[in-house]
Amino acid sequence: CEETNSCYSPADITINAGDTIEWDNVDTSIHTATSGSPSEGPSGLFNSELIGMGESYEFTFEEAGSYDYFCLLHPWMSGSITVN
């Protein structure tokens, strides 16, 4: 998924303010969903901590904006959320 940016599916999504995103780990590896980017590090808005296989994490986006996120353990895994 590193070369095709398909690690998060979908990698980029548009939602409305007040919507909740749920990250489900269907992989055998542990991952995170952490706001920010690999180059700049975590932004502090949200951090799932470790999400094991079969586990999930939810976050509700209250404010409009563009939010990048990535996996702390696998920084090539990244995505973005646009909130209207």
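Preceding this paragraph is the structure being described.
Residues numbered from 1 in each chain as written. Predicted model: local features only at pLDDT ≥ 70, side-chain atom pairs only at ≥ 80, totals over all residues. Heavy atoms only, no water.

(A) Quick look at the environment of Glu 40. Here Glu 40 shows up in the loop between β3 (34-37) and β4 (41-47). Taking the relative accessible area as the measure of exposure, Glu 40 reaches 71% and is therefore exposed. Along the sequence, Glu 40 and Ala 17 sit 23 residues apart, while their C-alpha atoms lie 25 Å from each other. (Helix = DSSP H or I, 4+ residues; strand = E, 2+ residues; numbered from the N terminus. Buried < 20%, exposed > 50% of the residue type's maximum accessible area, 1.4 Å probe, protein only.)

(B) Focus on a nonpolar patch on the surface. A surface patch of nonpolar side chains, about 350 Å² in accessible area, is lined by Ile 30, Leu 50, Leu 72 and Leu 73. Note that Ile 30 resides in the loop between β2 (20-24) and β3. (Patch = residues over 30% accessible without salt bridge, like charges linked within 9 Å, V, L, I, M, F, W, Y side chains within 5 Å. Areas by Shrake-Rupley, 256 points an atom, 1.4 Å probe, with all protein chains shown as cover. Salt bridge = Lys/Arg side-chain N within 4 Å of Asp/Glu carboxyl O.)

(C) The arrangement of the sheet that holds strand β7 (residues 78-83) in detail. Reading across the sheet, the 5 strands line up as β1-β7-β6-β3-β4 and stay open at both edges, with mixed pairing between neighbours. Where the open sheet ends on each side, the last strands, each with one partner, are β1 (12-15) and β4. For this sheet the average axis-to-axis angle between neighbouring strands, irrespective of direction, equals 35°. (Pairing = 2+ DSSP bridges. Axes fitted to C-alpha atoms, helices over the stretch in contact; angles between N-to-C directions.)

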